[in-house]
Amino acid sequence: MTIPLMTIGAFAQASGLSAKALRLYDDLNLLRPAQVDEGSGYRRYDPAQVADARLIGLLRRADLPLSDIRSLLDTPASERPGALRAHLARLDRLHRERRDLTLYLLSRLQGETPMTLPPVQTRVQPDQPVATLTLHVFVADLPAAIKGGMQTLMDHVTSQGTVAGAPFVIFHGEVNADSDGPIEICVPYAGAVTPGGDVALRVEPARHEAFLALTREQFEFPQILAAYDATCAHATAHGTSVLRPREVYGYDWDGAAPGEPVGDVAWPYQPAP
């Protein structure tokens, strides 16, 4: 016996989704109707689709992005728990970051020091020829973008010349959930290196820097914000900021023992006369 199709209203009531959501999921190719009338455009659904519709509704309540839901629905049933565990891990990480950031902001607003930092140091950097890669990236993708971009630059430089200094990342704009920088990954080089692909070459000008060498714990977000605050305050107290802040990777990140530095936060400035 043929089971009759359901109108969008009946299907919405059975699935718990609104007709507006069902139209959106159709447009996104996430949940297509079993039939669309060519003349009227009326959507009709197979009752067997109710289970998927309810699953989509629950996944949205779990804050799973629509693109990830599409991937999950295309995943074999046996592999879906693993995909959800990965989503849960992301949610846990985001919750910890938001909680820690809120605590950091509370400390700032109360005039407290969120984290004990060593004294800010200063150094003079000569001008440096650098191979660079400029990327627009949101905060969730920042670590992977830096790692991948750094490897691209290292491979490019070492194929033609030599790395001549600590790699660094310049933050030309805010990187958060709404702003994508850009960031500029830089690798100092020596030799007859030429540009290619997305890799550009330029000279980073000489500068004074206020900097802090940070441990792995201090380098974590949002703890690292205290280092940006401290170096910015030192730079502006002793001169004029002329270049954008950066993170400098001049240590053995993977091999550093607890308490040893893994990187610097540096804020360039022009000393006051």
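Residues numbered from 1 in each chain as written. Predicted model: local features only at pLDDT ≥ 70, side-chain atom pairs only at ≥ 80, totals over all residues. Heavy atoms only, no water.

Student: Can you break down the nonpolar core residue by residue, with the values?
Tutor: Ranked by internal contacts, the top residues of the largest apolar core, which has 32 residues, are V169 and I183. Of all elements in the fold, only β5 (128-135), α6 (142-158), β7 (168-171), β8 (183-190), β10 (207-215), α8 (224-238) and β13 (261-271) reach the threshold of two or more residues within this core. Top element by residues in this core is α6. It accounts for 6 residues. For V169, the contacting residues outside a window of four places in its chain are I146, M150, I183, E184, I185, P245, R246, E247 and Y249. By size, the runner-up hydrophobic cluster in this structure holds 19 residues, among which are L30, Y45, A53 and I56. (Core = buried A, V, L, I, M, F, W, Y, C linked by side-chain atoms within 4.5 Å. Buried < 20%, exposed > 50% of the residue type's maximum accessible area, 1.4 Å probe, protein only. Helix = DSSP H or I, 4+ residues; strand = E, 2+ residues; numbered from the N terminus. Contact = heavy atoms within 4.5 Å.)

Student: Which residues make up the sheet that holds strand β1 (residues 6-7), and what values go with them?
Tutor: Each strand in a sheet pairs with another by means of backbone hydrogen bonds, the pair being arranged parallel or else antiparallel. Overall, antiparallel pairing links the 3 strands, which are arranged β1-β3-β2 in an open sheet. Each end of this open sheet is capped by a strand with a single partner; those strands are β1 and β2 (35-36). Direction of pairing for β1 relative to strand β3 (residues 43-45): antiparallel, over a ladder of 2 bridges. Its bridge partner being in β3, T7 is matched across the sheet by R44. (Pairing = 2+ DSSP bridges.)

Student: Lay out the pairing of β5 with the relevant residues and their values.
Tutor: Where β5 and strand β9 (residues 200-204) come together, 5 bridges link them in antiparallel fashion. By the bridge assignment, P129 is partnered in β9 with V203. Relative to β8, β5 runs antiparallel, the two sharing 6 bridges. Residue pairing for β8: L133 is matched across the bridge by I185.

Student: Provide a residue-level description of the pattern of salt bridges, including the pertinent values.
Tutor: By the definition in use, this model includes 11 salt bridges. One salt bridge connects R90 with D68, and the closest N-O pair in it is separated by 3.3 Å. Residue R90 is found in helix α5 (residues 80-109), and its partner D68 is found in helix α4 (residues 66-74); the two are separated by 22 residues along the sequence. Its relative accessible area of 27% is what places D68 among the partly exposed residues. Salt-bridge contacts for E209 lead to R246; the nearest nitrogen and oxygen are separated by 4.0 Å. Here R246 lies in strand β12 (residues 246-248) and E209 lies in strand β10, a separation of 37 residues in the sequence. The class for R246 is buried, based on a relative accessible area of 1%. Several salt bridges share partner residues, and in doing so they unite R123, E184, R202, E204, R207, E209, R246 and D264 into one network. (Salt bridge = Lys/Arg side-chain N within 4 Å of Asp/Glu carboxyl O.)

Student: An account of the UniProt feature "domain: HTH merR-type" (unreviewed entry) in the chain is needed here, citing residue identities and associated values.
Tutor: Per the UniProt annotation, the sites labelled "domain: HTH merR-type" (unreviewed entry) are residues 5-75. A helix fraction of 54% and a strand fraction of 10% characterise residues 5-75, whose end C-alpha atoms lie 26 Å from each other. (UniProt positions renumbered as here; feature names shortened; annotations may be inferred.)

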